[in-house]
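Here is how the chains run, residue by residue.
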Amino acid sequence: MEEILKKSATEQSKALRNKEISAVELAEATFKRIDEVEPKIKAFNSLTKETAMETAKKVDEKIAKGEELPLLAGIPLVLKDNMNLVGSKTTASSKILENFVSPYNATITDKLLNNLVPIVAKANLDEFAMGSSNENSAFNEVHNPWNLSKVPGGSSGGSAASVAACEATLSLGSDTGGSIRLPASFCGIVGMKPTYGRVSRYGLIAFASSLDQIGPFARTVEDAANLLQVISGLDPKDSTSLDVPVEDYSKSLNNDIKGRKIGVIKELMGEGLSDDVRKAIEMAIETYKKQGAEIVEISLPTLKYSIGIYYILATAECSSNLARFDGVRYGHRCADASCLLDMYTKTRAEGFGPEVKRRIMLGTYALSSGYYDAYYKKAQQMRRLVKEDFDKAFTQVDALISPTCPNTAFDIGARTEDPLAMYLTDIATISANLAGIPGISIPAGFDADGMPIGLQILTPQLKEADLFNFSYKFEQEHDYYKQIANV
Ligand code: GLN
């Protein structure tokens, strides 16, 4: 692999500006790397070479004219395959959308193209982003670059694995219950879920609209911060996007954290935590102490209910969002229907995979009359209590830390037979989505088998600058991010 591919976006940008490499050469090197390792990793559903090369050429033209380059111009990036890019297939890794071609761009796509970011591929995911291991994709299984027999995490498994394997420098994922942070942790990279509403969801295929957020993957904290800056902002096409100015996150990365308060989430340091993960988090605590932060223990009493709350709300919302895939307007339609109802039924039976069907059934049940009050309404009330737990915690501390997951990446196939075990993988990440707060996973070491461990940091809503600051300070003390998987 060419050395430049292992570099961060910041370093690659410098090389482009100094004319050490052209954007076209960087894109070509990226596609060469993809050709080499993709047969092993299977991170992508499709390549978007044409748009990537077109954008790279524009970058080179600007450089030749001596014009100022926008942030991240020329840096190869991957979109999760539930985000629209005109002319590309957007499948959500579902058979029902196998041949669906995006008729319009997502807002994040427009923002990236405006900044001349070459989009090189559409990444594999769990079908409709439902899963924690990428094994629910209707297409390929994605392999973890650190050990090909392990899962990359999900649902943004392809987005995470591709950046870890240097098939791209940056990628985007979506996080409804942990789908950015978990794969970032399993693949040893940085993955960040912004505050709900920070990034427009227009053009993202909806899973659970009150929880979904798009966010960045990168190999360094600074790159993730810059990518968030590019994609953030108010969007008239998404009424839940926030009318709050976008910050220059790079300015506060290196702020002194002396005297700042960090809470360690008590419930996530107990039972079920692997020894190696515990040690890594204890080491992180020591790092922060050394830097002058004050560490306290914080209890989040509702945390133990978060999975239950999530699996009522997320499934209820998905049952409604996925109603549109009925063979009439989008994607697959069955061949031999006898009447309209038969067409709906057969189309959906053929088009959706088992996990998506399970969720639609659970969600429809939770919303059905007679059960709505017992399940959906109760879960909404509990969601408020989760938010209140965080509000209270953040009166005492500036940030909360925990492992991103109690364990490192597991073997492909190990949890597919047991949906509940799979759901429990997200115990540390789901609460942030319920509360709408930002969260990040950053590399925090390796277990005895050489698999990456992730440290999760959470801050109050719209405190992304703090989140990146705490992350950057940790990164400066350790060089885990410099280690690249050997594929
Ligand atoms: N693993 C969780 C689920 O299966 C979260 C998915 C996500 O964040 N998209 O729903």
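As shown above, the structure is provided for reference.
In this text, all values refer to a predicted model and were calculated from it rather than measured experimentally.

A. Expanded view of the side chain of Ser174. Turning to its location among the elements, Ser174 is positioned in strand 4 (residues 170-175). A distance of 3.1 Å separates the side chain of Ser174 from the side chain of Asn82, its partner in a polar contact. Excluding anything up to four places from it in sequence, Ser174 contacts Lys80, Asn82, Met83, Ala129, Ser155, Ser156, Ser179, Ile180, Leu204, Gln213 and Ile214.

B. Fine view of the packing of aromatic side chains. As enumerated under the stated definition, the model contains 18 aromatic pairs in all. On the numbers, 3.8 Å between centres and 15° between planes, the contact of Tyr311 with Tyr423 is stacked. A residue pair is termed long-range when its members are at least 10 positions apart, and Tyr311 in helix 9 (residues 306-321) and Tyr423 in helix 13 (residues 419-424) qualify at 112 residues. Tyr311 gets classed as buried once you look at its relative accessible area, which sits at 10%. Looking at Tyr423, the relative accessible area reads 8%, which means it is buried. Geometrically, the ring pair formed by Phe390 and Phe394 is stacked, given 6.2 Å between the ring centres and 20° between the ring planes. Of this pair, Phe390 and Phe394 both sit in helix 12 (residues 372-396), four residues apart, roughly one helical turn. We classify Phe390 as buried; its relative accessible area is 2%. When the ring centre of Phe31 is taken as origin, the NZ or CZ atom of Lys49, which lies over that ring, is 5.0 Å away. Here Arg415 stacks its cationic end above the ring of Phe410, 4.3 Å away from the centre of that ring.

C. Region of the structure containing the packing of helix 11 (residues 354-367) against helix 12. Following both chains from N to C, one finds helix 11 and helix 12 inclined at 105°, their axes separated by 6 Å at the closest point. In terms of orientation, helix 11 lies roughly perpendicular with respect to helix 12. Contacts between helix 11 and helix 12 involve Tyr365, Ala366 and Leu367 from the former and Tyr372, Tyr375 and Tyr376 from the latter. Class assignment of the residues belonging to the contact of helix 11 with helix 12 gives a composition of six nonpolar, no polar and no charged.

D. Here's a closer look at the nonpolar core. In this structure, Leu112, Tyr288, Leu455, Ile457 and Phe468 are the most contacted members of the largest nonpolar core, which totals 98 residues. Here the element with the most residues in this core is helix 2 (residues 23-41); it accounts for nine residues. Setting aside its immediate chain neighbours within four residues, Leu112 contacts Leu77, Leu79, Val117, Ile119, Leu172, Leu227, Val230 and Ile231. Grouped together as the second largest cluster of nonpolar side chains are 49 residues, Met130, Ile205, Leu300 and Tyr311 included.

E. Fine view of the pattern of salt bridges. According to the stated counting rule, one finds 16 salt bridges in the structure shown. Across the salt bridge formed by Asp238 and Arg201, the nearest N and O atoms sit 3.7 Å from each other. Placement of the pair is Asp238 in the loop between helix 7 (221-231) and strand 7 (261-265) and Arg201 in the loop between strand 5 (190-193) and strand 6 (213-218), with a sequence separation of 37 residues. Residue classification places Asp238 among the buried residues on the basis of a relative accessible area of 7%.

The rules we used
The written sequence of each chain sets the order in which its residues are numbered from 1. Restriction of local features to residues with pLDDT of at least 70 applies here, the model being predicted, together with a cutoff of 80 or more for giving and counting side-chain atom pairs; totals for whole chains, interfaces and linings are based on all residues. Note that the side-chain values use all heavy atoms of the structure and ignore hydrogens as well as water. Only DSSP runs of H or I with at least four residues qualify as helices, and only runs of E with at least two residues qualify as strands; both kinds are numbered from the N terminus onward. For the purposes of these results, a polar contact is taken to be a pair of N or O atoms within 3.5 Å, where, inside protein, one atom must be able to donate a hydrogen and its partner to accept one; residues adjacent in sequence count only when each atom of the pair is a side-chain atom. We call two residues contacting when some pair of their heavy atoms lies within 4.5 Å. Ring pairs shown here join Phe, Tyr and Trp side chains whose ring centres sit within 6.5 Å, with only the six-membered ring taken for Trp; geometry is labelled stacked below 30 degrees between planes, edge-to-face above 60, and tilted in between. When a residue's accessible area, from a 1.4 Å probe over protein chains only, is under 20% of the maximum for its type it is buried; when over 50% it is exposed; and in between it is partly exposed. Charge-over-ring placement is defined geometrically: NZ (Lys) or CZ (Arg) within 6 Å of the ring centre, and within 35 degrees of the ring normal. All axes here are fitted lines through C-alpha atoms, helices being fitted over the stretch that makes contact, and every angle between N-to-C directions spans 0 to 180 degrees. Note that the term roughly parallel is reserved for angles under 35 degrees, roughly antiparallel for angles over 145, roughly perpendicular for angles of 65 to 115, and oblique for everything else. Gly is placed with the polar residues, together with every amino acid not listed as nonpolar (Ala, Val, Leu, Ile, Met, Phe, Trp, Tyr, Cys and Pro) or charged (Asp, Glu, Lys and Arg). Put simply, buried Ala, Val, Leu, Ile, Met, Phe, Trp, Tyr and Cys residues joined by side-chain atoms within 4.5 Å make one nonpolar core. One speaks of a salt bridge when a side-chain nitrogen belonging to Lys or Arg is within 4 Å of a carboxyl oxygen belonging to Asp or Glu.

Function-wise, these values are silent; they only describe arrangement.
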